[in-house]
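Summary of structural features
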Amino acid sequence: MTRSSYPVLVLVALLALAACAPSAPTAVSSPPTASGADPVAYALSAEEEAFLDTLQHRTFRWFWETTPENGLVHDRWPSRDFSSVAAIGFALPAYGIGAERGYVTRRQAAERTLTPLRYLYTRPQGPEQLGTSGLRGYFYHFLEYADGTRFRNTELSTIDTALLMAGVLFSREYFDGGTQTEADVRAYADSLYQRVEWPWARNEDETVLSMGWHPESNMIPYEWRGYSEGMILYVLGLGSPTHPLAPDTWTAWTDSYEWEDFYGYEHVNFTPLFGHQYSHLFVDFRGIQDEWMRQKSAEIGEPFDYFENSRRATLSQHAYAIDNPRGWRGYSDLIWGLTACDGPADVTLPYNGEDREFRTYWARGASADHVNDDGTITPTATGGSIPFAPEITIPALMAMAEQYPGDLWTEDYGLRDAFNPSFTYEDAPIKRNSEVTDRGWFDHDYLGIDQGPILIMAENFRTGLVWETLKKSPYIVRGLQRAGFRGGWLDGARAEAMPLLDLPPARTAEDLPDRRLVVVLGSSTAEGFGPSASDSTWVN
């Protein structure tokens, strides 16, 4: 099949399904409530409203202005080596937010959304090492800008595919209009989601999903067990009408939860805050419970859900920063926030009379399980928790902007990825595109997966846009119901039966040059080191 004929055949087969889709939500002036009560009542001051207006607009502009014409969002920018499929998944709701807030027109947002959906659907899929974007509907973690195929030796990623698909499903529900562009968005969204063969990504005799797959070595032995961002992966897999996971997958997932106290807050622990945030970008977990949460509520004698769990995780990390047991410079009740982010360097240096280890990109965090803290703070940790604890997160973001104008808070794209007030070592080698000043180390990069939570969670707190939109997704509703969730808004939701698409076979890798993969150790991650040109990992 030729490259030019493929999209035509796809749309002929699919656009009949696009005529009817749920309508987009109407923005509201305050966060929507669950079960008739708002668990986090917080009235924004005029100053806070103005700040969030500015923060959201600048963060939106990062997605809108830096993304290449083919829609493949940068993993990081201005450093730019590859696209991240999770960042694309975060960009898709950003375009809807931009339309709602008047940053762009609805037509512009729809056209921008259609571009990556169509592009990704028509990329080759297959088991080859080279020349494909994924396999069995899953996508590689990172993609080449030029042709959307696998970047170096990156893995086929189950969680990054899920985060992409969550954004895809937002687009399906939000763009419910009668224009051809919006109809095409819905058609490609259905096709991308229904094509994913969720149960395939498992190790032999396992119920839970693997973290990914390599064509060189098969399934990754590490699996999605215990509480983390993997919750959205299982909801989407359970909701599929074409390749669904079995309901016992959710039970296997929750069986290894770790309920512990950290700084006076009992909750299901996970160390970096992103694990408490990513699934909540898309699903409103307030007032709905699975069997694990129902049993825990009975045990502790009060209602408890995943939203409250994320609130407690946020509050516990705030308490940790105030305590500041390692004595890092700058930590306070206003300057705090640990999650996966950039860092200054992979070095050990003296600090406060002892040797301290510093890291570049690292899953920073603090929980009862362990603490990864080298003094590096990231705004996305607080920004991604705005709905959970607005009374401490919004003042924190404002304090960061006020205390570090220019270095951290910029007039173009808002908050840069990370900073470390303790790292003032001017002679130490540091990650590219960053600097050390007398106020500490400052990253100059913005990361797509860190920008997205700030923008989306600010909007969810203010209007509930992404939450309300995805409450209308039959796939999301079905996934939650098959996982055993009940209560709240879900009791009134109906998972309509979705037609099973008769999808044509995915394109396969086309004529490839005779080349072999050369693995360059340490250069295939997002931490910003290694060769800057993708062809430096190939030899003819």
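The structure under discussion appears in the preceding block.
Conventions we followed
Sequence order sets the numbering: in each chain, residues are counted from 1 along the sequence as written. Reporting in this predicted model follows two pLDDT cut-offs: at least 70 for local features of residues, and 80 or more for side-chain atom pairs to be given and counted; totals over whole chains, interfaces and linings ignore these cut-offs and use all residues. The side-chain numbers reported here are obtained from all heavy atoms of the structure, hydrogens and water having been left aside. For the purposes of this entry, the term helix denotes a DSSP run of H or I that reaches at least four residues, the term strand denotes a run of E that reaches at least two, and both are numbered from the N terminus. By this rule, a helix spans an expected 1.5 Å times one less than how many residues it contains. Think of it in three bands: residues with accessible area under 20% of the maximum for their type are buried, residues over 50% are exposed, and the middle band is partly exposed, with areas taken using a 1.4 Å probe on protein chains only. Between any two strands, pairing holds if DSSP finds at least two bridges. Each axis is a line fitted through C-alpha atoms, and for a helix only the stretch in contact is used; angles between axes span 0 to 180 degrees, taken between their N-to-C directions. Should an angle fall under 35 degrees it is called roughly parallel, over 145 degrees roughly antiparallel, and 65 to 115 degrees roughly perpendicular, with every other angle called oblique. Crossing handedness follows the turn of the near helix against the far one: under a right angle anticlockwise gives a left-handed crossing, and clockwise gives a right-handed one. The contact criterion used is simple: two residues touch if any of their non-hydrogen atoms lie within 4.5 Å. Here the term charged refers only to Asp, Glu, Lys and Arg, the term nonpolar to Ala, Val, Leu, Ile, Met, Phe, Trp, Tyr, Cys and Pro, and the term polar to all other amino acids, Gly among them. Salt bridge, as used here: a side-chain nitrogen of Lys or Arg that lies within 4 Å of a carboxyl oxygen of Asp or Glu. Classification of ring pairs rests on two measures: the distance between centres of Phe, Tyr or Trp rings, Trp counted by its six-membered ring, which must be within 6.5 Å, and the angle between planes, read as stacked under 30 degrees, edge-to-face over 60 and tilted in between. For our purposes a nonpolar core is just a set of buried Ala, Val, Leu, Ile, Met, Phe, Trp, Tyr and Cys residues, chained together by side-chain atoms within 4.5 Å. The sign given to each residue is positive for Lys and Arg and negative for Asp and Glu; His and the chain ends receive no count. Any N or O atom pair separated by 3.5 Å or less is treated as a polar contact, with the protein-specific requirement of one donor-capable and one acceptor-capable atom, and with residues adjacent in sequence counted only for side-chain atom pairs.

**Section: helix α14 (residues 448–462)**
With 15 residues, α14 ought to run about 21 Å at 1.5 Å a step, and its terminal C-alpha atoms sit 21 Å apart, in line with that. The buried count for α14 comes to 15 of 15 residues, which makes it a mostly enclosed element. A positive backbone phi angle near 70° is found at Gly464, which sits one or two residues after α14.

**Things to note about the sheet that holds strand β20 (residues 434–437)**
Strand pairing in a sheet relies on backbone hydrogen bonds. The paired strands run either parallel or antiparallel. Across the sheet, which stays open at both edges, the three strands sit in the order β19-β21-β20 with antiparallel pairing between neighbours. Strands with a single pairing partner mark the edges of an open sheet, and in this sheet they are β19 (419–420) and β20. Of the pairings in the sheet, the one linking β20 to strand β21 (residues 440–443) comprises four bridges and is antiparallel in character. Paired with Val436 across the bridge in β21 is Trp441.

**Observations regarding the packing of helix α4 (residues 106–121) against helix α5 (residues 158–174)**
The contact between α4 and α5 brings their axes to 11 Å, and the two run at 135°. Classified by the interaxial angle, the pair formed by α4 and α5 is oblique. Remark: the crossing between α4 and α5 carries left-handed chirality. Along the contact surface, α4 presents Arg106, Thr113, Leu117 and Leu120, while α5 presents Leu164, Val168, Ser171 and Tyr174. Counted by class, the contact of α4 with α5 contains five nonpolar, two polar and one charged residues.

**Overview of the pattern of salt bridges**
Summed over all chains, the structure comprises 32 salt bridges. With its nearest N and O atoms 3.0 Å apart, the salt bridge here joins Asp443 to Lys431. In this pair, Asp443 is assigned in strand β21 and Lys431 in the loop between β19 and β20, connecting sequence segments 12 residues apart. You'll find Asp443 and Lys431 in the same group, each marked buried.

**Description of the sheet that holds strand β4 (residues 138–140)**
Read across the open sheet, the five strands follow the order β3-β4-β6-β7-β8; overall the sheet is antiparallel. With partners counted over all chains shown, the strands left at the sheet margins are β3 (134–135) and β8 (218–219), one partner each. The pairing of β3 with β4 spans two bridges and is classified as antiparallel. Counted as the bridge partner of Gly134 is Phe139 from β4.

**Structural notes on the packing of aromatic side chains**
Both the distance between ring centres and the angle between the ring planes are used here to describe each pair of aromatic rings. If you walk through the whole model with that rule in mind, you get 47 aromatic pairs. Both rings, one in Trp259 and one in Phe304, keep their centres 5.2 Å apart while their planes meet at 80°; by these two values the pair is edge-to-face. Of this pair, Trp259 sits in strand β9 (residues 259–262) while Phe304 sits in the loop between α10 (291–300) and α11 (306–323), and the two are 45 residues apart along the sequence. The burial state of Trp259 is the same as that of Phe304; both residues are buried. Judged by centre distance (5.8 Å) and plane angle (85°), the rings of Tyr413 and Tyr446 are edge-to-face. Residue Tyr413 is found in the loop between β17 (409–410) and β18 (414–415), and its partner Tyr446 is found in strand β22 (residues 446–447); the two are separated by 33 residues along the sequence. Judged by relative accessible area, Tyr446 falls into the buried class, the value being 2%. Chaining the aromatic ring pairs together yields one cluster made of Tyr227, Tyr234, Trp250, Trp253, Tyr257, Trp259, Phe285, Trp292, Phe304, Tyr306 and Phe485.

**Section: the packing of helix α3 (residues 85–100) against α14**
It is at 9 Å that the axes of α3 and α14 come closest, and there the two elements cross at 35°. α3 and α14 meet at a crossing whose hand is left-handed. When α3 is examined against α14, the residues Ala86, Ala87, Phe90, Pro93, Ala94 and Ile97 are found in contact with a partner set consisting of Gly448, Ile449, Gly452, Pro453, Leu455, Ile456 and Glu459. Along the lines of polarity and charge, the residues of the contact of α3 with α14 split into 10 nonpolar, two polar and one charged.

**Brief notes about the environment of Pro215**
When you line up the elements, Pro215 lands in the loop between β7 (212–214) and β8. For Pro215 and Glu155, which are 60 residues apart along the polypeptide, the C-alpha to C-alpha distance reads 8.3 Å. For Pro215, the contacting residues outside a window of four places in its chain are Pro127, Glu128, Gln129, Tyr140 and Arg150.

**Concerning the nonpolar core**
Counting 104 residues, the largest nonpolar core has Met165, Trp198, Leu236, Trp250, Phe282 and Leu480 as the members making the most contacts within it. Among the elements that line this core, the one with the most residues is α3, at 11 residues. Contacts of Met165, omitting those with residues within four sequence positions, involve Gly137, Phe139, Leu192, Tyr193, Val196, Trp198 and Leu236. Counting residues in each nonpolar core, the second largest holds 48 residues, with Tyr320, Ala381, Tyr404 and Phe461 among its members.

**So, the side chain of Asp290**
The residue Asp290 is located in the loop between α9 (278–282) and α10 in this model. In this structure, Asp290 is buried with no salt-bridge partner, the nearest side chain bearing the opposite charge being Arg294 at 6.2 Å. In terms of polar contacts, Asp290 uses its side chain to reach the side chain of Trp250, at 2.8 Å. Looking at Asp290, its side chain comes within polar contact range of the main-chain nitrogen of Met293, at 2.9 Å. Excluding residues that lie within four positions of it along the chain, Asp290 makes contacts with Trp250, Thr254, Tyr306, Ala483, Gly484 and Phe485.

**Section: helix α6 (residues 180–195)**
With 16 residues, α6 extends 22 Å between its outermost C-alpha atoms, agreeing within 8% with the 22 Å of an ideal straight helix rising 1.5 Å per residue. Burial of α6 is extensive: 14 of the 16 residues sit out of reach of the surface.

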